[in-house]
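The primary structure of each chain is shown beneath.
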Amino acid sequence: MTQEKTWSQRFETALDPTIARFNASIGFDIELIEYDLTGSIAHAKMLAKTGIISEEEKEKLVSGIEQIRQEYRNGEFNPGIDAEDVHFAVEKRLTEIVGDAGKKLHTARSRNDQVGTDTRLYLRDKITKIRQYLRDFQSVLVKIAENHVETPIPGYTHLQRAQPLSLAHHLLAYFEMFQRDWERLGEIYKRVNVSPLGCGALAGTTFPIDRHYTAELLGFDRPYANSLDGVSDRDFAIEFLNAASLIMVHLSRLSEEVILWASQEFNFVQLKDNCSTGSSIMPQKKNPDIPELVRGKTGRVFGHLQGMLVLMKSLPLAYNKDLQEDKEALFDAVKTVSGSLESMTILFREGLEFRRQRLQEAVAEDFSNATDVADYLAAKGVPFREAYNRVGKVVRTCLASGKLLKDLTLEEWQELHPKFEADIYDAIAPQQVISARNSFGGTGFDRVREALKVAREMLKESP
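Everything in this summary refers to the structure shown in the same document. (Residues numbered from 1 in each chain as written. Predicted model: local features only at pLDDT ≥ 70, side-chain atom pairs only at ≥ 80, totals over all residues. Heavy atoms only, no water.)

1. So, unusual backbone geometry
Right, so step 1: Following Leu 317, the chain continues to Ala 318 via a peptide bond in cis, the omega torsion being 10 degrees.
Right, so step 2: In this structure, His 158 is a non-glycine residue whose phi angle is positive, near 60 degrees.
Right, so step 3: With respect to the helices and strands, His 158 occurs in the loop between strand 1 (152–157) and strand 2 (160–166).
Right, so step 4: For His 158, a relative accessible area of 77% corresponds to the exposed category.
Right, so step 5: Positioned with a positive phi, Asn 267 is a non-glycine residue whose angle comes to about 60 degrees.
Right, so step 6: Locating Asn 267 in the fold gives a position in the loop between helix 10 (235–261) and strand 5 (269–271). (Helix = DSSP H or I, 4+ residues; strand = E, 2+ residues; numbered from the N terminus. Buried < 20%, exposed > 50% of the residue type's maximum accessible area, 1.4 Å probe, protein only.)

2. Description of a negative patch on the surface
Right, so step 1: Taken together, the side chains of Glu 176, Glu 183, Glu 187 and Glu 461 make up a negatively charged region of the molecular surface.
Right, so step 2: Tracing the chain through its elements places Glu 176 in helix 7 (residues 167–192). (Patch = residues over 30% accessible without salt bridge, like charges linked within 9 Å, V, L, I, M, F, W, Y side chains within 5 Å. Areas by Shrake-Rupley, 256 points an atom, 1.4 Å probe, with all protein chains shown as cover. Salt bridge = Lys/Arg side-chain N within 4 Å of Asp/Glu carboxyl O. Lys, Arg positive; Asp, Glu negative; His and termini not counted. Charge placed at Lys NZ, Arg CZ, Asp CG, Glu CD.)

3. A few points about helix 15 (residues 384–401)
Right, so step 1: Between its first and last C-alpha, helix 15 extends 26 Å over 18 residues, near the 26 Å set by a 1.5 Å rise per residue.
Right, so step 2: For helix 15, every residue scored as buried is listed here: Ala 387, Val 391, Val 394, Val 395 and Cys 398. Across the axial projection of helix 15, the buried residues extend over an arc of 100 degrees, all falling on one side. The exposed residues of helix 15 that point more than 90 degrees off its buried face are Arg 385, Arg 396, Leu 399 and Ala 400.
Right, so step 3: Next to the buried residues of helix 15 lie helix 14 (370–379) and helix 16 (410–416). (Expected span 1.5 Å × (residues − 1). Arc of directions from axis to C-beta. Contact = heavy atoms within 4.5 Å.)

4. Some remarks on a nonpolar patch on the surface
Right, so step 1: A surface patch of nonpolar side chains, amounting to about 260 Å² of accessible area, comprises Leu 202, Leu 228 and Leu 317.
Right, so step 2: Locating Leu 317 in the fold gives a position in the loop between helix 11 (289–312) and helix 12 (326–351).
Right, so step 3: Looking at Leu 317, the relative accessible area reads 61%, which means it is exposed.

5. Regarding the side chain of Glu 57
Right, so step 1: Along the chain, Glu 57 falls in helix 4 (residues 55–73).
Right, so step 2: A distance of 2.5 Å separates the side chain of Glu 57 from the side chain of Lys 104, its partner in a polar contact. (Polar contact = N/O pair within 3.5 Å; in protein donor to acceptor, adjacent residues only side chain to side chain.)

6. So, the packing of helix 7 against helix 19 (residues 445–458)
Right, so step 1: Remark: helix 7 packs on helix 19, axes separated minimally by 11 Å, with the N-to-C direction vectors making an angle of 30 degrees. Between helix 7 and helix 19, the angle is such that the two are roughly parallel. In the crossing of helix 7 with helix 19, the sense of the turn from one axis to the other is left-handed. In contact with Ala 168, His 169, Leu 172, Phe 175 and Gln 179 of helix 7, helix 19 contributes Val 448, Ala 451, Leu 452, Ala 455 and Met 458.
Right, so step 2: Of the residues belonging to the contact of helix 7 with helix 19, the class tally is eight nonpolar, two polar and no charged. (Axes fitted to C-alpha atoms, helices over the stretch in contact; angles between N-to-C directions. Parallel < 35°, antiparallel > 145°, perpendicular 65-115°, else oblique. Left-handed = near helix turned anticlockwise from the far one by under 90°. Nonpolar A, V, L, I, M, F, W, Y, C, P; charged D, E, K, R; others polar.)

Okay, here's the thing in structure tokens:
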């Protein structure tokens with residue numbers, strides 16, 4: 001590492017090498033280079049538009065910046081720790097390419113508003129991509145649901161058998177969760193899409209800049225109205241990390257279900273070889289690695305959210321070096337959420353298969369139709385609470401004799417209550433139990449088909 005001084009003549013010596021390494025962010029903020037270059041081009045154009053630099057100087061700057069972009073993409077531009085951060089690295093290389101004109105690029109700009117601009121450009125791009133990953137996963141869920149409208153699956157509360165459901169209805173519950181995630185990211189995008197460029201270090205600038213022009217060039221909705229807020233605001237990053245955490249919550253919940261479903265005890269799904277691994281010593285094993293990893297990675301995204309909140313809670317205005325710590329958390333959360341969504345999409349699209357026969361058997365081997373017996377009596381005029389208590393007695397009788405409700409004779413039913421008739425058997429058949437729940441938002445097959453139609457329309461919504 002060179003001992004070259006990066007700072008003004010205010011400093012007589014260079015940083016201690018250990019401190020320089022500790023201080024440097026180039027190891028991770030190089031992730032922002034494309035966004036830094038794009039923001040710098042907009043800044044150069046504004047400087048020329050307002051007469052701060054000449055048109056000729058602007059052309060040199062833009063050409064040099066594009067050369068750096070190409071060098072980076074070709075693997076020819078690899079700045080080290082001596083550059084400290086991506087902003088200095090670009091400025092140094094630009095000056096090497098275009099000479100003294102390169103030294104004018106930083107006019108009316110601070111690294112404080114520059115890094116804020118870069119981070120927002122980066123996150124704006126990543127939010128758009130993550131929303132597409134959500135759409136891709138939702139599309140797969142809908143496709144599977146369309147093939148399983150009348151496939152039953154046990155529904156659970158407290159992880160105890162509760163009532164049978166349409167498998168499509170179960171999957172569409174996750175569609176709704178991810179729809180909220182998609183909408184939430186869209187709302188956050190609006191608050192990300194505000195330009196801090198031109199806020200300077202904290203107080204604005206004496207130069208006659210046009211912040212609305214740079215905001216327009218970069219596709220921002222508007223510039224920050226307060227320069228102090230512009231350079232110190234990280235609310236948008238916290239909001240994103242909160243949304244990312246909720247996405248991971250939903251993925252983790254679904255992952256937990258897949259892990260259970262793939263177990264021998266449940267056996268509701270068959271994992272395919274392309275999305276599972278084996279054991280190093282137990283040859284019979286097939287492990288659900290993807291959902292387990294997603295479940296595990298959820299914690300790191302939660303940690304990034306907590307870390308960002310703690311980072312911001314005591315920072316006085318305006319910019320502080322602490323804010324260098326926002327980027328690694330943000331970058332890792334983006335990578336984790338994106339990878340988790342992509343992997344779960346592949347798992348559901350081609351890595352697992354629902355075992356229809358086993359699911360059919362599962363809903364026929366329990367008392368999850370007990371509520372329907374109570375509803376049957378209530379429909380015949382018996383007060384529901386009385387019906388509820390009678391059915392509890394029915395279940396107790398069945399348990400004592402080792403029977404299911406479907407195994408009771410009509411005589412046994414009528415001994416329990418005279419209102420029972422031969423149609424009780426149809427009423428408690430699993431397919432009928434599911435089909436009958438046709439209240440809005442229910443699991444009835446007709447309602448599920450309507451929900452699928454709505455879901456398909458949602459998938460057509462533009463970002």
